[in-house]
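The residues making up each chain are set out below.
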Amino acid sequence: MKRTPVEQSALDHVWVHAMQYADLEQEDGLKVLVRGEGSTLYDARGRAFLDGLAGLCIVNVGHGRAEIAEAMAAQARQLAYVSSFNHVALPTVQLAEKLATLTPPGLDRVFFCSGGSEAVETALKMARQYHALNGEPQRQKFISRQESYHGATYGAMSVSGRGRPFLNRNFGPLLQGTHQGPQPFCFRCPLHLTYPDCGVACADAVEDIIRYEGPETIAAIIAEPISFSAGIAVPPAEYWPKLRALCDRYGILLIADEVITGFGRTGRWFGLEHFAVTPDMITLAKGFSSGYAPLGACVVKRELAEAFVGHSDLTFRHGYSYGGHAVSAAAGLKNIEVLEREDLAGNAGRMGARLGQGLANLARHPSVGDVRGIGLMWAVELVVDQHTRRKVTMDQAQVLDRHLMQLGLLTRCWDILYFAPPLCITPEEVDQMLAITDVALGRFEDDLGLG
Ligand code: PLP
């Protein structure tokens with residue numbers, strides 16, 4: 001299909017984030033999207049696609065919510081901006097108060113920013129300064145996990161586990177003192193040869209790092225409750241309580257990066273609720289405003305926040321011009337209202353069960369190695385051989401991606417096929433996604449000569 005002028009203009013002038021230009025240049029590789037409604041997106045050619053990824057796990061309430069647009073417009077007319085230094089806008093206060101009722105008891109001080117990377121950057125700097133104020137300035141190191149993703153800014157990038165050789169080669173040196181433990185990833189457990197009797201060896205491995213580095217040098221552990229970037233492996237029940245216990249034993253702060261798992265994505269308000277663990281800090285973005293406006297936050301325990309109060313030397317010298325932006329706050333407030341009114345976390349649980357069951361039924365396809373997930377975040381791990389579990393290559397995955405797109409489903413298909421649709425998805429739409437996936441897998445396997 002010939003490229004349209006607007007698609008050509010996009011290729012010529014828009015630096016599309018983190019995509020290979022060669023992929024975008026492929027016929028139909030870059031879509032210009034013009035409208036969205038619920039779980040459906042429309043492109044400039046008038047084609048409709050199911051949004052199997054809710055943008056990028058962002059549009060939790062779905063596209064085209066007029067009431068959020070109206071709340072934002074009303075706020076922009078009333079007062080669009082106040083400086084985040086010394087002042088605060090009314091909806092920002094209301095949003096912080098509301099958020100404090102949703103986060104675990106004790107976590108009620110909100111540092112606002114515009115997205116996930118800024119939230120993580122904030123948490124890392126806050127952790128270091130907190131320890132410095134407590135007379136432990138040597139606590140500077142961070143422990144995260146392999147294959148994690150925490151953002152694109154230098155600190156957030158440095159604690160990310162995914163693609164480290166590439167990051168080191170191109171952007172190094174990364175922040176010193178950043179270490180990664182293994183993911184709790186049972187399908188491809190990196191530890192099963194050493195510890196055949198699991199016992200959550202992945203958490204024990206974190207303790208090994210702490211002891212090797214010196215507990216008194218560790219500022220924080222940062223981890224996603226369920227890591228999307230590492231392939232949506234839901235940790236064993238004991239994993240998170242063990243991380244919490246390690247932090248308590250060694251005086252380390254626990255940062256839960258809920259940028260993806262927050263705001264109903266997993267079937268609960270926050271991902272850590274599944275494990276009954278309370279962190280010291282939570283980073284939030286994405287579903288916080290469902291993408292209607294840039295919005296992020298680092299929510300911290302009250303006693304931690306209080307360490308920064310009382311004298312100018314204690315001040316957290318870190319801020320963003322757009323932190324707590326009035327229009328973003330209005331979007332966030334209305335977004336939470338919709339999530340609550342429509343019980344979208346509950347719907348994520350119900351529709352997630354339907355989606356998970358349907359995907360499990362697709363395991364009869366020879367290219368399906370594993371199906372795993374929770375709420376409305378699911379992964380289908382693609383293999384060329386179910387016995388050896390050898391993964392498909394990225395190039396092979398592109399073939400499946402193309403079939404899915406041609407059948408009307410947009411998602412992310414690397415060696416893992418991801419599903420994370422808007423939380424307002426209907427049973428009929430879930431079934432439609434499954435039917436498309438079934439047909440696309442069949443075509444893909446024919447192309448690869450599998451089966
Ligand atoms: N943390 C996690 C767990 C993420 O998945 C992401 C982005 O995907 C980020 C942080 C960074 O968020 P942002 O892209 O809004 O900067």
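As the structure is a prediction and not an experimental result, all values here were calculated from the model.

**Some words on the overall build of the protein chain**
A tally of regular secondary structure across the protein chain gives 15 helices and 16 strands. Computed over its C-alpha atoms, the radius of gyration of the protein chain comes to 22 Å, within 12% of the 22 Å expected for a compact globule of 451 residues. In terms of its C-alpha atoms, the protein chain occupies a principal-axis envelope of roughly 65 × 60 × 40 Å. By residue count, 55% of the 451 residues in the protein chain fall in the buried class. Taking as baseline every contact in the protein chain between residues at least 6 positions apart, the subset at least 24 positions apart corresponds to 71%. For the protein chain, the computed accessible surface area is about 19600 Å², with 54% contributed by carbon and sulfur atoms.

**Thoughts on the pattern of salt bridges**
The tally for this structure, following the rule as stated, stands at 28 salt bridges. The partner of Arg249 in a salt bridge is Glu207, and the shortest N-O contact between them spans 2.8 Å. With a gap of 42 residues between them, Arg249 in helix H10 (residues 239-250) and Glu207 in helix H9 (residues 201-213) connect regions that are remote in the sequence. Look at Glu207 and you get buried, because its relative accessible area is 16%. A salt bridge links Asp280 to Lys301; its shortest N-O distance comes to 3.0 Å.

**A closer look at the packing of aromatic side chains**
Counted under the stated rule, the structure contains ten aromatic pairs. For the ring pair Phe308 and Phe316, a centre distance of 5.5 Å and an interplane angle of 65 degrees mean the geometry is edge-to-face. Both residues of the pair, Phe308 and Phe316, belong to the buried class. Taken together, Phe112, Phe263, Trp269, Phe270 and Phe288 form an aromatic cluster joined through their ring pairs. For Arg35, the ring lying beneath its charged end belongs to Tyr42, and the centroid distance is 4.1 Å.

**Digging into unusual backbone geometry**
For the bond running from Gly172 to Pro173, omega is 0 degrees, close enough to zero to count as cis. Considering the arrangement of structural elements, one finds Pro173 in the loop between helix H8 (164-171) and strand S6 (178-181). Positioned with a positive phi, Asn86 is a non-glycine residue whose angle comes to about 80 degrees. Locating Asn86 in the fold gives a position in the loop between helix H4 (66-78) and helix H5 (90-102).

**Details of helix H1 (residues 5-13)**
The set of residues buried in H1 consists of Glu7, Ala10 and Leu11. In a view along the axis of H1, the buried residues occupy a sector of 95 degrees, so they form one face of it. Facing away from the buried surface of H1 by more than 90 degrees, the exposed residues are Pro5 and His13. The elements touched by buried residues of H1 are helix H2 (21-25).

**A word on the nonpolar core**
Judged by nonpolar contacts, the single largest core of 58 residues is most densely connected at Phe263, Phe288, Leu355, Leu400 and Phe419. Top contributing element to this core by residue count: helix H15 (residues 427-448), with seven residues. Ignoring any residue separated from it by four or fewer positions in sequence, one finds Phe288 in contact with Leu95, Leu99, Phe112, Phe263, Leu295, Gly296, Ala297, Gly332, Asn335 and Ile336. The next biggest cluster of nonpolar side chains, apart from the first, holds 37 residues, and it includes Ala201, Leu243, Ile252 and Leu254.

**What about the side chain of Thr266?**
When you line up the elements, Thr266 lands in the loop between strand S8 (253-257) and strand S9 (281-284). Of note is the side chain of Thr266, whose polar atom sits 2.9 Å from the side chain of His274. If sequence neighbours within four positions are ignored, Thr266 has contacts with Ile226, Thr261, Gly271, His274, Ile374, Gly375 and Met377.

**So, the packing of H9 against H10**
Their axes nearest at 9 Å, the elements H9 and H10 cross at an angle of 20 degrees. Comparing their axes, H10 and H9 come out roughly parallel. The handedness of the crossing between H9 and H10 is right-handed. On the side of H9, the interface is formed by Cys202, Ala203, Asp204, Val206, Glu207, Ile210 and Arg211, while H10 contributes Tyr239, Lys242, Leu243, Leu246, Arg249 and Tyr250. When grouped by side-chain class, the residues that make up the contact of H9 with H10 number eight nonpolar, no polar and five charged.

**Some details on the packing of helix H13 (residues 344-361) against H15**
With their axes 10 Å apart at the nearest point, H13 and H15 run at an angle of 20 degrees to one another. Classified by the angle their axes make, H13 and H15 are roughly parallel. Between H13 and H15 lies a crossing of right-handed hand. Counting all contacts with H13, which are made through Met351, Arg354, Leu355, Gly358 and Leu359, the residues of H15 involved are Pro427, Val430, Asp431, Met433 and Leu434. Looking at side-chain class alone, the contact of H13 with H15 contains seven nonpolar, one polar and two charged residues.

**Brief notes about the sheet that holds strand S2 (residues 40-43)**
The four strands are arranged S1-S2-S3-S14 in an open sheet whose pairing can be described as mixed. Where the open sheet ends on each side, the last strands, each with one partner, are strand S1 (33-37) and strand S14 (409-410). When S1 meets S2, the two strands line up antiparallel, connected through four bridges. Bridge pairing links Gly36 to Leu41 in S2.

Each value, and the rule that gives it
Each chain has its residues counted from 1, running along the sequence as written. With the structure being a predicted model, the display of local features is reserved for residues of pLDDT at least 70 and the display and counting of side-chain atom pairs for 80 or more, all residues being used for whole-chain, interface and lining totals. Values shown for side chains rest on all heavy atoms present in the structure; no hydrogens or waters enter the calculation. Under the DSSP-based scheme used, a helix requires at least four consecutive residues in state H or I and a strand at least two consecutive residues in state E, with every element numbered from the N terminus. Radius of gyration: over C-alpha atoms. The globule rule applied is 2.2 Å multiplied by the number of residues raised to the 0.38 power. Three exposure classes are used, based on accessible area relative to the maximum for each residue type with a 1.4 Å probe and protein chains only: buried under 20%, partly exposed in between, and exposed over 50%. For this analysis, residues touch if any pair of their heavy atoms sits within 4.5 Å. Computed by Shrake-Rupley with a 1.4 Å probe, the accessible areas treat only the displayed protein chains as cover when residues are assessed. Definition used for salt bridges: Asp or Glu carboxyl oxygen within 4 Å of a side-chain nitrogen of Lys or Arg. Paired rings are identified among Phe, Tyr and Trp, the last through its six-membered ring, by centres lying within 6.5 Å, and are further divided according to the angle between planes into stacked (under 30 degrees), edge-to-face (over 60) and tilted (the rest). To sit over a ring, a charge needs its Lys NZ or Arg CZ within 6 Å of the ring centre and within 35 degrees of the ring normal. Our arc is simply the arc of the directions from the helix axis toward the C-beta atoms. Think of a nonpolar core as a cluster: buried Ala, Val, Leu, Ile, Met, Phe, Trp, Tyr and Cys residues, connected wherever their side-chain atoms sit within 4.5 Å. Each polar contact in these results corresponds to two N or O atoms within 3.5 Å; when the atoms are within protein, one needs to be able to donate a hydrogen and the other to accept it, and residues that are neighboring in sequence are counted only if both atoms are side-chain atoms. Orientation is described by lines fitted to C-alpha atoms, with helices fitted over the stretch in contact, and by angles between N-to-C directions that extend from 0 to 180 degrees. When an angle is under 35 degrees it counts as roughly parallel; over 145 it counts as roughly antiparallel; between 65 and 115 it counts as roughly perpendicular; any other value is oblique. By definition, any crossing whose near helix is turned counterclockwise from its far helix by less than a right angle is left-handed, and any crossing with a clockwise turn is right-handed. Polar here means any residue other than Ala, Val, Leu, Ile, Met, Phe, Trp, Tyr, Cys and Pro, which are nonpolar, and Asp, Glu, Lys and Arg, which are charged; Gly is therefore polar. DSSP-based pairing: two strands are paired if at least 2 bridges between them are found.

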